[in-house]
Amino acid sequence: MTAIAMPPADDAIMARRAEIAAALREMVGDDGVVAGDNELRAFETDGFTAYRFVPLVVVLPQTTEEVSKVAAYCNANGIPLVPRGAGTSLAGGAIPQEDSVVICLSRMSEIIDIDYANRAATVEAGVTNLAISEAVSDDGFFYAPDPSSQLACTIGGNIAMNSGGAHCLKYGVTTNNLLGVTLVLVDGTVVELGGKHLDAEGYDLLGLICGSEGQLGIVTQTTVRLLAKPEGARPVLFGFQKSEAAGACVADIIGTGIVPVAIEFMDKPAIEICEAFAGAGYPMDVEALLIVEVEGSEKEMDDMLSRVVDIAQRHDVHVVKECQSATEAALIWKGRKSAFGATGRIADYICMDGTVPLGQLPHVLKETARIVDEFGLRVANVFHAGDGNMHPLILYNVNDPVEAQKVEECGMELLKLCVDAGGCLTGEHGVGIEKRDLMLYQYDKRDLDQQMAVRAAFDPKWVLNPAKVFPLEARGSGSVQAA
Amino acid sequence: MNGSMRLEPKCESEACEAVRKAVENRQSLRIMGGGTRSTIGAPVVADVELSSRALTGIVDYEPAEMVMIARAGTPMSEIDAALETGRQRLIFEPLDHRALLGSQGEPTIGGVVATNASGPRRFVAGACRDALLGARFVNGEGEAIKAGGRVMKNVTGLDLVKPLCGSWGTLALLTEVTLKVVPLVEAEATLVLHGLSAGQAAEAMAAAMATSLEVSGAAHLPQTIAATVDGLDGACTLLRLEGFASSVDARCEKLKSALRSFGELSTLPPYASRAVWQSVRNVTPFADSESDPVWRISMAPSRAHEMIAALNEGDALFDWQGGLVWLRLAGDAQVEKVRRLVAQHGGGHATLIRADDDLRASVPVFHPQAAPIAALSERIARAFDPNNIFNPGLMG
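Reading the values: rules and limits
Residues numbered from 1 in each chain as written. Chains lettered and ligands numbered in written order. Predicted model: local features only at pLDDT ≥ 70, side-chain atom pairs only at ≥ 80, totals over all residues. Heavy atoms only, no water. Pairing = 2+ DSSP bridges. Helix = DSSP H or I, 4+ residues; strand = E, 2+ residues; numbered from the N terminus. Contact = heavy atoms within 4.5 Å. Axes fitted to C-alpha atoms, helices over the stretch in contact; angles between N-to-C directions. Domains from an automatic or database assignment. Buried area = accessible area lost by both parts, 1.4 Å probe. Salt bridge = Lys/Arg side-chain N within 4 Å of Asp/Glu carboxyl O. Polar contact = N/O pair within 3.5 Å; in protein donor to acceptor, adjacent residues only side chain to side chain. Nonpolar A, V, L, I, M, F, W, Y, C, P; charged D, E, K, R; others polar. Buried < 20%, exposed > 50% of the residue type's maximum accessible area, 1.4 Å probe, protein only. Arc of directions from axis to C-beta. Phe/Tyr/Trp six-rings, centres within 6.5 Å; stacked < 30°, edge-to-face > 60°. Lys NZ or Arg CZ within 6 Å of the ring centre and 35° of its normal.

Engineer: What's the story with the sheet that holds strand E1 (residues 33-34) of chain A in this structure? I'm lost.
Structural biologist: Note: strands within a sheet are paired through backbone hydrogen bonds, in either parallel or antiparallel orientation. All names here are of chain A. Overall, mixed pairing links the four strands, which are arranged E1-E2-E4-E3 in an open sheet. The open sheet terminates on both sides in strands that have one partner only, identified here as E1 and strand E3 (81-84). Pairing of E3 with strand E4 (residues 101-104) involves four bridges; the strand directions are parallel. Bridging across to E4, Val82 finds its partner in Val102. Here helix H2 (residues 17-28) sits on the sheet in contact with E1, strand E2 (57-59) and E4, set at roughly 10° to E2.

Engineer: What is the right way to read the domain arrangement of chain B from this model?
Structural biologist: Interfaces are frequently sized by the accessible area removed from exposure as the parts join. All names here are of chain B. Domain boundaries in chain B define domain 1 (1-184 + 368-396), domain 2 (187-282) and domain 3 (289-365). Placing a centre on the C-alpha atoms of domain 1 and another on those of domain 2 gives a separation of 33 Å. In this assembly, 10 residues from domain 1 lie in contact with 11 residues from domain 2. Across the interface of domain 1 and domain 2, roughly 860 Å² is buried in total on both sides, 53% from carbon and sulfur atoms. By the criterion of area lost to domain 2, the three top residues of domain 1 are Glu93, Pro120 and Phe123, representing 47% of everything that side buries. Summed over the shared surface of domain 1 and domain 2, the number is three salt bridges. The closest approach of N and O atoms between Glu242 and Arg89, which form a salt bridge, is 3.1 Å. The tally of links between domain 1 and domain 2 comes to six residue pairs in polar contact (both at pLDDT 80 or more). A breakdown of the residues in the side of domain 1 that touches domain 2 according to their chemical character gives six nonpolar, no polar and four charged.

Engineer: Explanation requested: helix H13 (residues 339-346) of chain A in the structure shown.
Structural biologist: Since the α-helix packs 3.6 residues into each turn, any two residues three or four apart lie on the same face. Residues and elements named next belong to chain A. The set of residues buried in H13 consists of Ala339, Ala342 and Thr343. Projected onto a plane normal to the axis of H13, the buried residues spread over an arc of 100° and lie on a single side. On its buried face, H13 sits against helix H10 (268-278), helix H12 (326-337), strand E16 (348-351), strand E17 (378-384) and strand E18 (392-396).

Engineer: Where do I start with the packing of aromatic side chains in this structure?
Structural biologist: How two aromatic rings sit relative to each other is given by the distance of their centres and the angle of their planes. Considering all chains together, one arrives at nine aromatic pairs over all chains under this definition. Relative to Phe141 of chain A, the ring of Tyr116 of chain A has its centre 4.6 Å away and its plane inclined at 20°; by these criteria the two rings are stacked. Here Tyr116 of chain A is found in the loop between strand E5 (111-115) and strand E6 (120-124), whereas its partner Phe141 of chain A is found in strand E7 (residues 141-142), with 25 residues between them in sequence. With a relative accessible area of 25%, Tyr116 of chain A lands in the partly exposed category. Residue class for Phe141 of chain A comes out buried when judged on its relative accessible area of 3%. Aromatic side chains Trp168 of chain B and Phe366 of chain B sit 5.4 Å apart centroid to centroid with 70° between the ring planes, which places their arrangement in the edge-to-face category. Remark: Phe366 of chain B occurs in the loop between helix H14 (357-362) and helix H15 (371-384) and Trp168 of chain B occurs in the loop between helix H7 (161-164) and strand E9 (173-180); sequence separation between them is 198 residues. One exposure class covers both Trp168 of chain B and Phe366 of chain B, and it is buried. It is Arg122 of chain B that lies over the ring of Trp320 of chain B; its NZ or CZ is 5.8 Å from the centre. A cation sits over an aromatic face here: Arg240 of chain B above Trp277 of chain B, 4.8 Å from the ring centre.

This is the structure:
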């Protein structure tokens, strides 16, 4: 069995459940604590639904001060504390352990300040990603990182996982758009990092916090960069008869200095699944499809798209579909954006998230097909090609225990393939518990020891989200204590 | 630093050995690249100089993948020359401190990373820390460690490259860095607004940034500073556009229409545009007055000019839409007053970037931090360098 293990629950903590719930009620009020068996089930997993553990108690604070009290209490009592936003993590970043308190920031959802002169928005951590853009859209601004869960996911969760999205090719990921945070340290100390100015006066703690998966502190409020919306955006669709040609085309577009906002890749199985669902008018006689989107004025888009089409033609593009209308553009994206949902209708799937150097795309695609075939499974590839961030969806039947185990093993092999190609285990979803036990494949023990030493500088007792990111067997050496 | 001993490891394992020896002998180490920024920070008293200058060479450069991997001691001239052949550049425009500090020598890529040295494009395209994809370094126990990687998107584990970038050699000895590089642009132009006050300039720059025209440089040079830059005259507010030629032309016209209400406008041709941004990037207007202290202040763009008005002395060059202030004072650095005014105008930080040894030894060069952040930073430093042997005291 390859199941991912959680650290053993501490019986002494488990036995104190009523007392812990009562103490938390003192801090946040009766309506801010969830302790009933049925209600707790809502918090047993996140977007990585294969694993479920009912937490001890869930606490729903409304202020930074309440978060501070909860953290200080859990730290003093050695109770694992698992931060949670909307619970959309695909890597199990918000999955609790049985002896943990889940601190969910969904009730901290106020937009505090919009400041166009400094192109900054200050919001509480529980505000959804999309709500920020919606709040400033009428004034011609937006918040750039756009994970596909943006309707539900919170900005606090985005910071914890350093989330990306389809448009980060041009605008960067969360860390590149983050100006400041209010951070509650594990002992309850509240610190302000950054603000509306750029860069840190000392070490770049903001950069360290971003993507730390809730292990270094709890972000309760943040200031993020707002950008002026582009005049317009328009996609073009290319069909290729060889995946390799599509991969080479991507590298060529990037290399010429054109910065599309997005370059999305779909292989034949993905095209078939999406077309059957969305009727997007995708060509069915091609092996690979690229959607390239550019932004700017009408004239700029014409100019950039003509350059992009020229490049595609040098790579024997089989089908070129330019949009004549907003409706056509929307249809092209509808297919791509429904990829996960459409795949979910025909089978269960797991989505891997490794990143590879652009030049390795053709090799990695070929090997992916071979590995998945060896496991007797099927795969559809839909991914952010411009930055090499793969998203193979491996299809299986969740009710077949043999397949369920095979798919997990297959996913791990695909991630190893990405590391072997010079890439990494995760480009935007995070390590969580899903890839935790593969960390030693990408890093040496001493690399991880260094990361864990820095982790311990924030959280010496490993109270914050302690089951995540670092392999259980790699802990406990040197100055680092096991959870 | 007594200068009695200098080590120049030629490879990473020699560097590890040098650090382990220092730990054994309880010696502190002054990490040095090209030495062009060595007068920034508190003066360091160390037993041994540990130089990166023999750790040189571009390890890998793949223009098609937009990635360059270089050893830390590689001179910037070699990096720039290689990028030139690939028709690429570093998007964050690393600033060269030599003119401002009157220093000699060759800046290195490791020095750029260690100081997070980023120029005018930083406020829209990110700093060095945003382009740094990965690094190899030797920690304070003499272990070789890797952080990050070589791909554009990577959230695997803690992002240790961020704190290393801008740590001024106080956490580790960088041995190799991996940077994202980008293609050169086809064209650039700079729109100049004439005769604005710093407050009006802040408004004009904010208005420019509220358009979708992708301005990639926004600086304000008051009259006394503009007078020292070739091709400028009177107070000048500079707005740069870059990209394909046809797009630059079209956006320039649109930007002019959007900003017409701010007064007189002109356009700099490409060669003049490049030259003025080079001056802003390297703060050359303050180059010929080496004895006067210079501050580097980062604040909210809409507040910085108010702070400077309240100070009511010195010369201020505003970059990053006004949020980065290079402030030159005559004689007295006014340490307390400058920092008090920064705090009173929305906060930020002020670094005493140029000052004599005595002053740097007696006041905090880097902006003092709130006590819990200072304590946390100290714990992080000890996680990299348990014995505090690297550049002790440099950051205060």
